[in-house]
Amino acid sequence: MHDITEKEKYMLKQKINAQEAAAIKKIFGECRNVVIVCHTSPDGDAIGSSLGLYEYLKRKGKNVTVIVPNYFPDFLHWMKDADKIIMFERNKSLSYSIIGMADLICCLDFNDMRRIDELGVPVGRAKCRKVLIDHHLNPDKSKFDFIISRPELSSTSELVFRIIDALGDTGAITFAGAEDLYAGMATDTGFLSFNSNDPDLFVIISELLRKGIDKDQINRRIQNNFSPDRLRLIGYVLYEKLEVYPDLHASLFAIRKEELTQFHYLKGDMEGIVNMPLQIKGHKLSICLREDTERPLIRVSTRSVDDFPCNELCSQFFNGGGHKNAAGGTLECTMDEAIDITKEALEAWRERLQA
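Residues numbered from 1 in each chain as written. Predicted model: local features only at pLDDT ≥ 70, side-chain atom pairs only at ≥ 80, totals over all residues. Heavy atoms only, no water.

**Looking at the overall build of the chain**
For the chain, the helix and strand inventory stands at 14 helices and 12 strands. Expected size for 355 residues packed as a compact globule is a radius of gyration near 20 Å; at 20 Å, the chain falls within 12% of this value. Each of the three principal axes of the chain carries a C-alpha extent, and together these read 55 × 50 × 40 Å. A buried classification covers 54% of the 355 residues belonging to the chain. Pairs at least 24 apart in sequence give 67% of the contacts found in the chain among residues at least 6 apart. Working note: accessible area of the chain is about 16,200 Å², and carbon and sulfur atoms make up 48% of it. For the chain, the distance from the average position of its 46 positive side-chain charges to the average position of its 53 negative side-chain charges is 5 Å. (Helix = DSSP H or I, 4+ residues; strand = E, 2+ residues; numbered from the N terminus. Rg over C-alpha atoms; globule rule 2.2 N^0.38 Å. Buried < 20%, exposed > 50% of the residue type's maximum accessible area, 1.4 Å probe, protein only. Contact = heavy atoms within 4.5 Å. Areas by Shrake-Rupley, 256 points an atom, 1.4 Å probe, with all protein chains shown as cover. Lys, Arg positive; Asp, Glu negative; His and termini not counted. Charge placed at Lys NZ, Arg CZ, Asp CG, Glu CD.)

**Observations concerning the layout of surface pockets**
In this model, the second largest pocket occupies a volume close to 190 Å³. Together, Thr40, Pro69, Asn70, Phe88, Glu89, Lys92, Ile116, Asp117, Glu118, Leu119, Glu294 and Arg295 line the second largest pocket. For the lining of the second largest pocket, the per-class residue count stands at four nonpolar, two polar and six charged. (1 Å grid on protein atoms, 1.4 Å probe; cavity = no way out; pocket = protein on both sides within 12 Å on 5 of 7 lines; lining within 4 Å. Points joined across faces, edges and corners; volume = space filled by probe spheres on them. Nonpolar A, V, L, I, M, F, W, Y, C, P; charged D, E, K, R; others polar.)

**Points about the sheet that holds strand 9 (residues 285–291)**
Think of a sheet as strands paired side by side through backbone hydrogen bonds, with each pair either parallel or antiparallel. Across the sheet, which stays open at both edges, the six strands sit in the order 7-8-9-10-12-11 with mixed pairing between neighbours. Strands with a single pairing partner mark the edges of an open sheet, and in this sheet they are strand 7 (243–245) and strand 11 (321–322). As judged from the two bridges shared by strand 11 and strand 12 (residues 326–331), these two strands associate in the antiparallel manner. From the neighbouring strand, Gly321 faces strand 12, where its bridge partner is Gly328. Helix-sheet contacts for helix 12 (residues 310–317) involve strand 9, strand 10 (298–304), strand 11 and strand 12, and the interaxial angle to strand 12 is about 10°. With respect to the sheet, helix 13 (residues 335–348) is in contact with strand 7, strand 8 (250–255), strand 9, strand 10 and strand 12, its orientation differing from that of strand 9 by roughly 165°. (Pairing = 2+ DSSP bridges. Axes fitted to C-alpha atoms, helices over the stretch in contact; angles between N-to-C directions.)

**Considerations on the pattern of salt bridges**
One pass over the structure, following the stated rule, counts 26 salt bridges. Across the pair Glu30 and Arg129 runs a salt bridge, and its minimum N-O distance is 3.4 Å. Within this pair, whereas Glu30 is found in helix 2 (residues 18–30), its partner Arg129 is found in strand 5 (residues 129–134), the two being separated by 99 residues in sequence. With a relative accessible area of 48%, Glu30 lands in the partly exposed category. The residue Glu294 makes a salt bridge to Lys267 at a minimum N-O spacing of 3.9 Å. Of this pair, Glu294 sits in the loop between strand 9 and strand 10 while Lys267 sits in the loop between helix 11 (257–262) and strand 9, placing them 27 residues apart in sequence. Look at Lys267 and you get partly exposed, because its relative accessible area is 22%. (Salt bridge = Lys/Arg side-chain N within 4 Å of Asp/Glu carboxyl O.)

**A few points about empty space enclosed by the protein**
Following the criterion strictly, the structure yields one cavity of 30 Å³ or more and no others. Considering only enclosed or pocket space, the largest cavity measures out at about 70 Å³ in volume. For the largest cavity, the full set of lining residues is Ser41, Tyr265, Lys267, Arg290, Asp292, Thr293, Glu294 and Arg299.

**Section: the pairing of strand 5**
In terms of residue burial, strand 5 counts as a mostly covered element, since five of its six residues are buried. As judged from the five bridges shared by strand 4 (residues 104–108) and strand 5, these two strands associate in the parallel manner. Residue pairing in the sheet places Cys106 in a bridge with Val131 of strand 5. Once the chain exits strand 4 it traverses helix 5 (residues 120–125) before rejoining the sheet at strand 5, and the crossover so formed is right-handed. (Right-handed = clockwise from strand over helix to strand, strands pointing away.)

Below, the structure written as structure tokens:
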């Protein structure tokens, strides 16, 4: 078996400097009751990083609770202790009570309190220390007591691993924690198909494999865990809804609430569909508009390739942001108005799309 080399150890630790490692070690050492929160509509990285850190801190003897703003997809419920996650929108009184007793709140995979919606109220009011661990651009530094932000990394799950490694504590990563962190890295890189060219990432995955995880099984649990209605929904979107703009190397599809209902939509069923148009030769940008089934707004998801900055596009037109090749936002308007705004955005970025 190949042991991690001193050079590889250095590669990993240089992303977390000695001052940061010392500070987070002190913070973790001084806490007893920890609450971990992540962003609204949690994805694989949000849940993976949260449960990965949960497993580590539990192993260190802490009392830890994960609270998420709302429901997360069924294909993530296989993770150990996922059933212990508290959903704020369904358990507000309990959430307020647990947050009120916390002496540390770890905020994972978001850069702004607005990203956790109503959960931001008790978190913002809490008198305890708040730590941000995230990989999104431009963190709001005014709301957190300590920040470790690395936008260049693949995922917050990778960042959690690096922090534990910088503490010299990878031995405390459990089998379940390794599964969680791998799932987060895999989902935020499209199963290593984008934002995954850093050799360090594969060193980290090799370390998680040494914990005994079966990455192929994890991939299947996430990717092959849907209903027949989800496949029919994909077919409907690609055949009936997809609008392709060949001269712009871009595409758009918009799906309304009643159409989702027709396919017995469950949260997570639209996951990954926005990536599919990028299979078109020469395509640079894919945009999905989805009418929310619970709130009167339009959710926007964008994916791009190479140097097209869909985060800038989302910031300019969709009240959002994110990563260069994976970003999103929201619009408080009708679907027809959202489609008009999107076409305006495509026209505004015509020159960049045609380059």
